[in-house]
Amino acid sequence: MKKVSIGIDLGGTKILIALVNKETGEVLHHVKKKTKKDKGPQNIIRKMVNGIEELLEESKFHIEDIDSIGVGAAGQVDRENGIIIGAPNLDCYDLNIREHLTSHFNLPVYLGNDVEIAAMGEMKFGAAKGCDDFVCVFVGTGVGSSIVKDGKIIHGATGTAGEIGHMIVDLNGRQCACGAHGCLEAYASRSAIEKRIEGALRKGRHSAILDYMETGKSISSSMIQKSIERDDELVIQCVNEAAEYLSGGLASIINFINPKLIILGGGLIEAVDYFYQTTIKKARAKCLPVPATKIEFKKAQLGDYSGVIGAAFLK
Ligand SMILES: [Zn+2]
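Residues numbered from 1 in each chain as written. Predicted model: local features only at pLDDT ≥ 70, side-chain atom pairs only at ≥ 80, totals over all residues.

### As for the overall build of the protein
- Helix and strand counts for the protein come out as 11 helices and 13 strands.
- Computed over C-alpha atoms, the radius of gyration of the protein comes to 20 Å, within 12% of the 20 Å expected from 2.2 N^0.38 for 315 residues, which places it in the range of a compact globule.
- Expressed along its principal axes, the backbone C-alpha trace of the protein runs to roughly 60 × 50 × 35 Å.
- Counting all 315 residues of the protein, 45% fall into the buried class.
- When contacts within the protein are restricted to residue pairs at least 6 apart in sequence, those whose partners lie at least 24 apart make up 64%. (Helix = DSSP H or I, 4+ residues; strand = E, 2+ residues; numbered from the N terminus. Rg over C-alpha atoms; globule rule 2.2 N^0.38 Å. Buried ≥ 20, exposed ≤ 12 C-beta atoms within 10 Å, placed from the backbone. Contact = placed C-beta atoms within 7 Å.)

### A look at the pairing of strand β10 (residues 143–149)
- In terms of burial, β10 is largely enclosed, as six of its seven residues are buried.
- Both strand β9 (residues 134–139) and β10 contribute to a ladder of six bridges, which runs antiparallel. Paired with Phe138 across the strands is Gly144, a residue of β10.
- Hairpin remark: β9 followed by β10, antiparallel, with three residues in the connecting loop.
- Two strands pair when backbone bridges link them, and β10 and strand β11 (residues 152–153) are joined in this way by two bridges, in the antiparallel orientation. Paired with Val148 across the bridge in β11 is Ile153.
- The antiparallel pairing of β10 with β11 creates a hairpin that spans two residues between the two strands, and Asp150 there sits at a positive phi of about 50°. (Pairing = 2+ DSSP bridges.)

### Let's talk about the sheet that holds strand β1 (residues 4–10)
- The mixed open sheet is built from five strands, whose spatial order is β3-β2-β1-β4-β8. Each end of this open sheet is capped by a strand with a single partner; those strands are β3 (27–34) and β8 (109–113). For this sheet the average axis-to-axis angle between neighbouring strands, irrespective of direction, equals 15°.
- Helix-sheet contacts for helix α2 (residues 97–105) involve β4 (66–73) and β8, and the interaxial angle to β8 is about 145°.
- Across the sheet, helix α3 (residues 114–125) is in contact with β1, β4 and β8; its angle to β8 comes to roughly 100°. (Axes fitted to C-alpha atoms, helices over the stretch in contact; angles between N-to-C directions.)

### Some remarks on the domain arrangement of the protein
- The assigned domain composition of the protein is domain 1 (4–122 + 305–311) and domain 2 (130–299).
- Its C-alpha centre places domain 1 at a distance of 27 Å from the equivalent point of domain 2.
- Taken residue by residue, the interface counts 10 residues in domain 1 and 12 residues in domain 2.
- Counting residues per element, the side of domain 1 that touches domain 2 draws most heavily on α3, at six residues.
- A per-class count over the side of domain 1 that touches domain 2 returns five nonpolar, two polar and three charged. (Domains from an automatic or database assignment. Nonpolar A, V, L, I, M, F, W, Y, C, P; charged D, E, K, R; others polar.)

### Quick notes on the packing of helix α7 (residues 233–257) against helix α9 (residues 273–286)
- Following both chains from N to C, one finds α7 and α9 inclined at 45°, their axes separated by 8 Å at the closest point. Judged by the inter-axis angle, α7 sits oblique to α9. Relative to α9, the crossing made by α7 is right-handed. Taking contact as the criterion, the partners of Val239, Asn240, Ala242, Ala243, Glu244, Leu246, Ser247, Gly248, Leu250, Ala251 and Ile254 in α7 are, on α9, Tyr274, Phe275, Thr278, Thr279, Lys282, Ala283 and Lys286.
- In terms of residue class, the contact of α7 with α9 is made up of 10 nonpolar, five polar and three charged. (Parallel < 35°, antiparallel > 145°, perpendicular 65-115°, else oblique. Left-handed = near helix turned anticlockwise from the far one by under 90°.)

### Considerations on the packing of helix α5 (residues 190–202) against α7
- Their axes nearest at 10 Å, the elements α5 and α7 cross at an angle of 140°. Viewed along their axes, α5 and α7 adopt a mutual orientation that is oblique. The element α5 and its partner α7 pack so that their crossing is right-handed. Within the contact between the two elements, α5 uses Ala192, Ile193, Arg196, Ile197 and Ala200 and α7 uses Leu234, Val235, Cys238, Val239, Glu241 and Ala242.

### Some thoughts on the pairing of β1
- Extensive coverage of β1 is indicated by the burial of six of its seven residues.
- With seven bridges joining them, β1 and strand β2 (residues 14–21) adopt antiparallel strand pairing. Along β2, the bridge assignment pairs Asp9 with Leu16.
- Linking β1 back to β2 in an antiparallel pair, the connection comprises three residues.
- As defined by bridge partners, β1 adjoins β4 across six bridges and the pair is classed as parallel. The partner of Val4 across the bridge, within β4, is Ile66.

### Comments concerning the nonpolar core
- The biggest cluster of nonpolar side chains holds 97 residues, and the ones touching the most others in it are Ile8, Val137 and Ala242.
- The element that contributes the greatest number of residues to this core is α7, accounting for 11 residues.
- Here this core spans two domains, since at least three of its residues come from each of domain 1 (4–122 + 305–311) and domain 2 (130–299).
- For Val137, the contacting residues outside a window of four places in its chain are Val143, Ser145, Ile164, Leu250, Ile262 and Leu264. (Core = buried A, V, L, I, M, F, W, Y, C linked by C-beta atoms within 7 Å.)

### Notes on the environment of Glu233
- Considering the arrangement of structural elements, one finds Glu233 in helix α7.
- The exposure class assigned to Glu233 is partly exposed, which follows from the 13 C-beta atoms found within 10 Å.
- Sequence-wise, Glu233 and Ala208 are 25 residues apart; in three dimensions their C-alpha atoms are separated by 8.8 Å.

Spelled out as structure tokens, the structure:
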């Protein structure tokens, strides 16, 4: 087996394409393409193909040196046939990634989702190195997770296992983007915190976050962090509330799956340590005493690279 593969993280705002040394986990070279404006299947394929060509040219690697191409997409995927079933953020439906990439590069092409490749990256070279029973939870625009058992990702009957974002935490709660009421994602994501803050500001509450906000732009994790550093009452209150719900979700996972380790990652966790610390403290207090004795929490370590590194290991 050749030791270098191409890992691709296909997200709603960018495509990250990298050459990965599978023995060391090193990213030898990478290319980034924005997907914000040019969505749709034709644009996505074109950007991936151009990106791979650029990557090879800039790195002086030849296609013969590459073992495989692994793609993790933000959406629902058919792993067996290499098809993106539905990725609303990319405006891609029924897109045969394998067929398109194989016809251009004549290499084996494997497909997974964005959360599983990130979990795989953390397992191979990040926070879960040496641990084969864990759960990864990523908190950003939404809340996603991946369950790893005996070193393998659990996919479930329809390939959608790990949808912790749609765990129902309030029966009569807020409406979620999925249509149901009271999903964790509607309480514990960055966008949920954003909605709470904006709602309070509309009612006349004051907040330091107003100093960072710009019309038409969303509230970022770093704006939340800067406001916490200024002891902003409203932002701290909204973050505490999100941590309360997320810790409830994590406690349920701990009781249900009894993992050794939970890895937390994603934009909100990376930028806001207070949110991470508050959440894990509360999760420990909420779960049952016996599983609580074994559970360990860690932050994801590979940042933006976790996806491409993990994607290189898809098969
Ligand atoms: Zn939902």
